[in-house]
Amino acid sequence: MSEQRRRGPMGGHGHGMAAGEKAKDFKGSMKKLFKYMEHYKFRFAMMFVFAVAGTVFSIVGPKILGKATTELFNGLVAKVNGTGGINFEKIGMILLWTLGLYLVSSMFALIQGFVMTGISNDVTYSLRKDISKKMNRLPMNYYESRTNGEILSRITNDVDTLQMSLNQSMTQLITSVTTLIGVFIMMLSINVWMTVAAVLILPVSMFIIQKVMKHSQKYFQAQQKYLGEVNGQIEENFGGHNVVKVFNKENDVVEEFEKDNKKLYESAWKSQFFSGMMMPVMQFVGNLGYVMVALLGGVFTIKGSIEVGDIQSFFQYIRNFTQPIQQIAQVVNLLQSSAAASERVFEFLEEPEEEQTVENPADITKLSGNVEFNHVTFGYNPDKIIIHDFSADIKDGQKIAIVGPTGAGKTTMVKLLMRFYDINGGSIAIDGHNVKDFNRSELREMFGMVLQDTWLFSGTIRENIRYGRLDATDEEVVAAAKAAHIHNFIMQQPDGYDTVLDEETSNISQGQKQLLTIARAILADNRILILDEATSSVDTRTEMQIQKAMDNLMKGRTSFVIAHRLSTIKDADLILVMKDGDIIEQGNHEALLKAGGFYADLYNSQFEKAGA
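Residues numbered from 1 in each chain as written. Predicted model: local features only at pLDDT ≥ 70, side-chain atom pairs only at ≥ 80, totals over all residues. Heavy atoms only, no water.

> Account for the packing of helix H15 (residues 474-483) against helix H17 (residues 510-524), with residues named and values stated.
At a minimum axis distance of 8 Å, the contact between H15 and H17 shows a crossing angle of 125°. With respect to H17, the axis of H15 lies oblique. At the point where H15 passes H17, the crossing takes the right-handed sense. Touching Glu476, Val477, Ala480, Ala481 and Ala483 of H15 are Ala519, Ile522 and Leu523, all from H17. For the contact of H15 with H17, the per-class residue count stands at seven nonpolar, no polar and one charged. (Axes fitted to C-alpha atoms, helices over the stretch in contact; angles between N-to-C directions. Helix = DSSP H or I, 4+ residues; strand = E, 2+ residues; numbered from the N terminus. Parallel < 35°, antiparallel > 145°, perpendicular 65-115°, else oblique. Left-handed = near helix turned anticlockwise from the far one by under 90°. Contact = heavy atoms within 4.5 Å. Nonpolar A, V, L, I, M, F, W, Y, C, P; charged D, E, K, R; others polar.)

See the structure below:
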């Protein structure tokens, strides 16, 4: 697997989100996210109502429990004084009411959790679906200018972050704010001065949280960064384990790993230390608040201005008052992550797209394979033209070879033909129709491809061949395999055509993979074929097999063959010789040899190497 493909979102060069990463435009990103979720507004309203209702019911509970404590205390005092006793019936009724309140609160919380989970899952499902569709509409240069890991991280890391933060932050924010307001009102209803004493804790708590978060965030970011680098090293070293051993680099690899591992250890230790320090410090500050409230409560009880049960309720409310503040601080962090993730996702969804359709598109059903390049000019960058003026008239059924040194631009010609890129000047026509007159998807239906890098998926051999034409019968699949000279190999497998290829298709050889892709192309039965160095990574004997299969594939079809081994394209009707991105010679094999130009030099140098 290539270096670029191995480095995924978790690799050292991946682009997964770091913990605590902030959006460039928080407000704009959140606005886009909420606009995207507009059609869930009814469910959001439902979730909001249930979240608030559940929180309100749980807030009322402590005050009612306080009445039970007051009733019990008054009954004990009356019993000691001999003036009465404990009214257990009344206490039992109060407790039943409290139990009922908490049950209703739990039911509401369960419903709002269910609704919010549904919303977050639906949003991420829709996002992934939209991203998947978007991927098919993006121009080729988008993929060629970015790593696979960066694109994958949009679909995996960023969407997962959105799902997690949406699910947690929305309900947490509503319940925390409701709890904070509700508890504050309940505390005021019990005693104003005790409420003032409890609220004085807030500035101290907020100051400590702010300081700790400010110091810990940079260590969390460093921890995520070095974790990515450590994961990247592990992935690369396992992927290239044989190379490491061959060059005796085991010690160097361990040394490099130790450096990053030490940095990860230090950043993780510091981040966890600051994170762990917050709770005991907050508890200490909270306990100071309890002491102040206890002193005031005692004074007011002696004066008879407050009941004993109210003090117990108040202590419960203090605990419920500091908790949502910490939760809101966590939600702010989650919302930052959510904004950063949504910014990256919507950035991807807003990328400029290829025009997929045209008005009154040309019909491909009756077309053959005549291709005409007419004074074509092209550059990946408009300021740097690499193909200056190329013309060629190719008749249906001809075999066209494109040759030249590595980096000459051979594959570029194919990309232009299939409209992966649009030309800067001139025109490319199929049967007299400009390629721009076709819908892109219909244009590409005319082409079959066999590439140097074979692509097979995890599934049966039959499914892999049928990928060329999904409605093909089993008989047609077998016929395509026979034409590709792979049928006998398939029948030697334990399950024949139902043999399952593993994820990396490592249970068959490179040559057999290539023959399967040729069988797939034969089954697809496209009018125009593109064979991109299909034999470059196999031995000579396998090359002969593949060449026979390709000859069967090319019969009666216009074929463009990109080749390094010039011996395989001697029978081509037209050979296009490329150098430095331009066509410098064209003609058949004999004519080009007689011309004694660049092609003749290339051919003779390969012949000399073969004879050496």
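After that view, the rundown keeps rolling.
> I'd like a description of the side chain of Gln112, backed by residues and values.
With respect to the helices and strands, Gln112 occurs in helix H4 (residues 88-137). Within the structure, the side chain of Gln112 is placed 3.3 Å from the backbone oxygen of Ala109, a separation counted as a polar contact. Beyond its immediate chain neighbours, meaning those up to four positions away, Gln112 contacts Met47, Phe50, Ala51 and Thr171. (Polar contact = N/O pair within 3.5 Å; in protein donor to acceptor, adjacent residues only side chain to side chain.)

> Give me a nonpolar patch on the surface: which residues, what numbers.
Residues Phe184, Leu188, Val192, Trp193, Val196, Leu200 and Met292 make up a contiguous nonpolar surface patch of roughly 650 Å² in combined accessible area. Looking at the nonpolar patch element by element, the count peaks at three residues for helix H7 (residues 192-199). Assignment of secondary structure puts Leu200 in the loop between H7 and helix H8 (201-239). (Patch = residues over 30% accessible without salt bridge, like charges linked within 9 Å, V, L, I, M, F, W, Y side chains within 5 Å. Areas by Shrake-Rupley, 256 points an atom, 1.4 Å probe, with all protein chains shown as cover. Salt bridge = Lys/Arg side-chain N within 4 Å of Asp/Glu carboxyl O.)

> So what's going on with unusual backbone geometry? Which residues, and what values?
Its identity as a non-glycine residue notwithstanding, Asn360 has a phi of 50°, on the positive side. In this fold, Asn360 is placed in the loop between helix H11 (308-349) and strand S1 (371-378). In this structure Asn360 comes out as exposed when scored by relative accessible area, which is 73%. (Buried < 20%, exposed > 50% of the residue type's maximum accessible area, 1.4 Å probe, protein only.)

> Give me the pattern of salt bridges: which residues, what numbers.
Enumeration over the complete set of coordinates arrives at 15 salt bridges. Each member of the salt-bridge network shares a partner with another, and the members are Arg462, Arg466, Asp474 and Asp498.

> So what's going on with the packing of aromatic side chains? Residues and values would help.
One pass over the full model with this rule turns up nine aromatic pairs. Relative to Phe346, the ring of Tyr36 lies with its centre 5.7 Å away and its plane at 65°, an arrangement referred to as edge-to-face. Taken together, the positions of Tyr36 in helix H2 (residues 26-36) and Phe346 in helix H11 put the pair 310 residues apart, joining distant regions of the chain. Here Tyr36 matches Phe346 in class, with each residue buried. With a centroid separation of 4.9 Å and 90° between ring planes, the pair formed by Tyr380 and Tyr421 is classed as edge-to-face. Taken together, the residues span a long stretch of sequence, with Tyr380 in the loop between S1 and strand S2 (387-394) and Tyr421 in the loop between helix H12 (410-417) and strand S4 (425-430) at a distance of 41 residues. Aromatic rings pair up to connect Phe50, Phe57 and Phe108 into one cluster. (Phe/Tyr/Trp six-rings, centres within 6.5 Å; stacked < 30°, edge-to-face > 60°.)

> Hey, could you go over the sheet that holds strand S10 (residues 558-562) for me, with residue numbers and the actual values?
Across the sheet, six strands lie side by side as S6-S9-S10-S3-S11-S12; this open sheet has mixed pairing. Edge strands, defined here as strands with exactly one partner in the open sheet, are strand S6 (447-450) and strand S12 (582-587). Averaged over all pairs of adjacent strands, the angle between strand axes in this sheet comes to 20°, irrespective of strand direction. Judged from the four bridges that link them, strand S3 (residues 399-403) and strand S11 (residues 574-579) form a sheet pairing that is parallel. Its bridge partner being in S11, Ile400 is matched across the sheet by Leu574. (Pairing = 2+ DSSP bridges.)

Structural measurements only, silent on function.
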